Structures are given as C-alpha cells and as structure tokens.
Amino acid sequence: MANPQTENGFTRLADELLDALIRYPFTKRQYKVLLAVIRKTYGFQKLQDDITAPQMATMTGLDRANVIRAVNEL
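Rules used throughout
Residues numbered from 1 in each chain as written. Predicted model: local features only at pLDDT ≥ 70, side-chain atom pairs only at ≥ 80, totals over all residues. Heavy atoms only, no water. Helix = DSSP H or I, 4+ residues; strand = E, 2+ residues; numbered from the N terminus. Contact = heavy atoms within 4.5 Å. Axes fitted to C-alpha atoms, helices over the stretch in contact; angles between N-to-C directions. Parallel < 35°, antiparallel > 145°, perpendicular 65-115°, else oblique. Nonpolar A, V, L, I, M, F, W, Y, C, P; charged D, E, K, R; others polar. Core = buried A, V, L, I, M, F, W, Y, C linked by side-chain atoms within 4.5 Å. Buried < 20%, exposed > 50% of the residue type's maximum accessible area, 1.4 Å probe, protein only. Salt bridge = Lys/Arg side-chain N within 4 Å of Asp/Glu carboxyl O.

Enquirer: Please set out the side chain of threonine 41 residue by residue, giving values where relevant.
Expert: The topology assignment puts threonine 41 in the loop between helix 2 (28-40) and helix 3 (53-60). Those residues in contact with threonine 41 that sit more than four places away from it in its chain are Lys46, Gln48 and Asp49.

In structure tokens:
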C-alpha cells in the first residue's frame, strides 16, 4: 500500500456519516469492526451484508472473541 490510488478501488461514504463517526468516542477495537462493516457494505455498494465473526477477525486482525465483544458493544 505504498501508493494508494482511487483507480485501485475506493469506498464512497456520505460526509454526514463520516463526520458522525469522527465525533463518536469509539474504542480502537470498535473502530476496526466498524470500518470492516463499512468496507463489506458501502465498499461493495451494499446496504447490508451477512458478515461472520471469523470474516471480521481476518479483516481486522482481532481474535474472534474480541470481534464478538466489539459487535455487542456497538
């Protein structure tokens, strides 16, 4: 990821949503899970998706238990 370019893909996100995410005091673990959800939905032009805990663990680098904990917190 030395030279990221939009030609290689991008995730379109409404400014209003991004502004709200910036202001909220999420934990680091919650942010990772939230960004994974955004990537799997908005990143693929979907409003929803069935995302498993193991899938999220792979994407975030968190273990499955911490993914589940973050999802429950959110």
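Enquirer: Describe the packing of helix 2 against helix 3, and please don't skip the residues or the numbers.
Expert: Packing of helix 2 against helix 3 brings their axes to within 10 Å, and their N-to-C directions diverge by 105 degrees. It follows from the interaxial angle that helix 2 and helix 3 lie roughly perpendicular. Between helix 2, through Lys32, Val33, Ala36, Val37, Arg39 and Lys40, and helix 3, the contact on the second element is made entirely by Gln55, Met56, Met59 and Thr60. A per-class count over the contact of helix 2 with helix 3 returns 5 nonpolar, 2 polar and 3 charged.

Enquirer: Run through the packing of helix 2 against helix 4 (residues 64-73), naming residues and quoting values.
Expert: Close contact between helix 2 and helix 4 brings their axes to 9 Å; oriented N to C, the two are set at 90 degrees. With respect to each other, helix 2 and helix 4 are oriented roughly perpendicular. Across the interface between the two elements, Arg29, Gln30 and Val33 of helix 2 pack against Asn66, Val67, Arg69, Ala70, Val71 and Glu73 of helix 4. The residue inventory of the contact of helix 2 with helix 4, partitioned by class, reads 4 nonpolar, 2 polar and 3 charged.

Enquirer: A description of the nonpolar core should follow, citing residues and the corresponding values.
Expert: Formed by Val33, Ala36, Ala53, Met56, Ala57, Leu62, Val67 and Ala70, the largest nonpolar core amounts to 8 residues. Those elements that place two or more of their residues in this core are helix 2, helix 3 and helix 4. Per element, the largest residue contribution to this core is 3 residues, and it comes from helix 3. Filtering out sequence-adjacent residues up to four positions away, alanine 53 remains in contact with Arg64, Val67 and Ile68.

Enquirer: If you had to explain the pattern of salt bridges to someone new, which residues and values would you point to?
Expert: Scanning the entire structure with this criterion turns up 2 salt bridges. Note that glutamate 73 and arginine 29 form a salt bridge whose closest N and O atoms lie 3.2 Å from each other. With glutamate 73 in helix 4 and arginine 29 in helix 2, this pair connects stretches of sequence that are 44 residues apart. The class for glutamate 73 is partly exposed, based on a relative accessible area of 38%. We classify arginine 29 as partly exposed; its relative accessible area is 25%.

Geometric descriptors of this kind do not, in isolation, establish any biological role.
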